[in-house]
Amino acid sequence: MESIAENLAEVREQIASACRKAGRNPDEVRLIAVSKTKSAAAVREAWDAGQRAFGESYVQEFLDKLEDPDLSELPIEWHFIGHLQSNKVRQVAGKVAMVHGIDKVSTVEELSKRAGQHGIVMDYLLEVNTSRESSKYGLEPSTLMAAAELCFGLPNVRLRGLMTIASPDPGLARREFAELRACLDKLRSNAPDPSLLSELSMGMSQDFEEAVQEGATMIRIGTAIFGWR
Ligand SMILES: *Cc1c(COP(=O)(O)O)cnc(C)c1O
């Protein structure tokens, strides 16, 4: 088995190569290392190999990692990428650079309230169910605009873009990524400040090349870096 540092180097090279193929600048694509279910020591290894942004999916596991002596001193840029329920917002407020998995206006309202209590502004993405699989979270593309309209006016939070988890089939995935990009374009044309809406969080270990082709600005990779869960 290869080390985390070797896996990271390989993933970075594959991202750079996908960017070249897509005619994109690799600086436009951020790698978020998804460390859910993996140990703090594994995160530390990736940090020591130069990785700075990490994604977690489960609130309690995330809070445990924050407190871990291996990590607590490090200025890690944490992203909450799991589905965030309203009653868990309080626990992540002030602790993450961005929340990716929100699919309800009421959750954004809660984030707005909690960010206000911390005296900060929090960045978030809305999750869109582009695959329309009923098992997946996310707003239907058809209801996204109406939801976003309700979010734009909320204080202490900034909608920065969209997130999706695609179908397992890479052929379908590519179309779903294209749809997310189209949703973002439409959102921008209706937004009070379109320049804020710059992020497309899409692509995982199996489909990040397709995501880069379709304009991903953040890709969330776990298995290819940390091994099977
Ligand atoms: C687990 C997870 C990932 C990473 O998936 P891999 O296939 O391991 O790369 C990305 N995004 C979300 C939302 C996840 O839950």
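The sections below set out a description of the structure shown in this document. (Residues numbered from 1 in each chain as written. Predicted model: local features only at pLDDT ≥ 70, side-chain atom pairs only at ≥ 80, totals over all residues. Heavy atoms only, no water.)

## Remarks on the nonpolar core
Among the nonpolar cores identified, the biggest contains 67 residues, and Phe-54, Tyr-124, Leu-126, Leu-162 and Ile-225 are the most heavily contacted of them. With six residues, the next largest nonpolar core counts Ile-32, Ala-53, Leu-125 and Met-218 among its residues. (Core = buried A, V, L, I, M, F, W, Y, C linked by side-chain atoms within 4.5 Å. Buried < 20%, exposed > 50% of the residue type's maximum accessible area, 1.4 Å probe, protein only.)

## Section: the state of the cysteines
By definition, a disulfide links the sulfur atoms of two cysteine residues through a covalent bond. Following the criterion strictly, the structure yields zero disulfides and no others. Cys-183 takes part in no disulfide bond, and the closest cysteine sulfur to it belongs to Cys-151, at a distance of 14 Å. (Disulfide = S-S within 2.5 Å.)

## With respect to the packing of helix α6 (residues 141-152) against helix α7 (residues 170-190)
Two elements in contact, α6 and α7, have axes separated by 11 Å at closest approach and are oriented at 40°. Where α6 crosses over α7, the handedness of that crossing is right-handed. The residues of α7 that touch α6, namely those facing Pro-141, Leu-144, Met-145, Ala-148, Glu-149 and Phe-152, are Glu-179, Cys-183, Lys-186, Leu-187 and Asn-190. Considering only residue class, the contact of α6 with α7 consists of seven nonpolar, one polar and three charged. (Axes fitted to C-alpha atoms, helices over the stretch in contact; angles between N-to-C directions. Helix = DSSP H or I, 4+ residues; strand = E, 2+ residues; numbered from the N terminus. Left-handed = near helix turned anticlockwise from the far one by under 90°. Contact = heavy atoms within 4.5 Å. Nonpolar A, V, L, I, M, F, W, Y, C, P; charged D, E, K, R; others polar.)

## Examining unusual backbone geometry
Phi at Thr-37 is positive, roughly 70°, even though this residue is not glycine. Counting through the fold element by element, Thr-37 comes out in the loop between β1 (30-34) and α2 (40-48). Classification of Thr-37 as partly exposed rests on a relative accessible area of 47%. The backbone of Asn-156 shows a phi angle near 70°, a positive value even though the residue is not glycine.

## Quick word on α2
Residues Ala-40, Ala-42, Val-43, Ala-46 and Trp-47 constitute the buried set of α2. End-on, the buried residues of α2 take up no more than an arc of 160°, which puts them together on one face. Those residues of α2 that are buried are in contact with α1 (4-22), β2 (53-56), α3 (59-67), β3 (77-83) and α9 (223-226). Immediately beyond the C-terminal end of α2, within one or two residues, lies Gly-50, with a positive phi of roughly 100°. (Arc of directions from axis to C-beta.)

## Re the side chain of Asp-123
Position of Asp-123 relative to the elements: it lies in strand β5 (residues 122-127). The exposure class of Asp-123 is buried, given its relative accessible area of 12%. Among the polar contacts made by the side chain of Asp-123, one reaches the side chain of Arg-160 at a distance of 3.2 Å. With residues near it in sequence (within four places) discarded, Asp-123 still touches Ala-97, Met-98, Val-99, Arg-158 and Arg-160. (Polar contact = N/O pair within 3.5 Å; in protein donor to acceptor, adjacent residues only side chain to side chain.)

## Regarding the site of the ligand
In the region of the ligand, 13 residues are neighbours, and Lys-36, Ser-205, Arg-220, Thr-223 and Arg-229 sit closest. Between the ligand and Arg-220 there is a distance of 2.8 Å, counted from a nitrogen atom to a side-chain nitrogen or oxygen. Relative to its unbound accessible surface of 390 Å², the ligand loses 90% to contact with the protein. Under a 2 Å grid-point criterion requiring more than half of the atoms, the pocket assigned to the ligand is the largest pocket. (Near = heavy atom within 4 Å. Areas by Shrake-Rupley, 256 points an atom, 1.4 Å probe, with all protein chains shown as cover. 1 Å grid on protein atoms, 1.4 Å probe; cavity = no way out; pocket = protein on both sides within 12 Å on 5 of 7 lines; lining within 4 Å. Sits in = over half its atoms within 2 Å of the grid points.)

## Quick word on the layout of surface pockets
Roughly 610 Å³ of volume is contained in the largest pocket. Around the largest pocket, the lining is made up of 26 residues, and of these Lys-36, Ile-165, Met-204, Arg-220 and Arg-229 lie nearest the centre. Taken together, the elements giving at least two residues each to the lining of the largest pocket come down to β3 and β8 (218-221). Sort the elements by how many residues they give to the lining of the largest pocket and β3 lands first, with three residues. (Points joined across faces, edges and corners; volume = space filled by probe spheres on them.)

The values reported here are purely geometric and, on their own, carry no functional implication.
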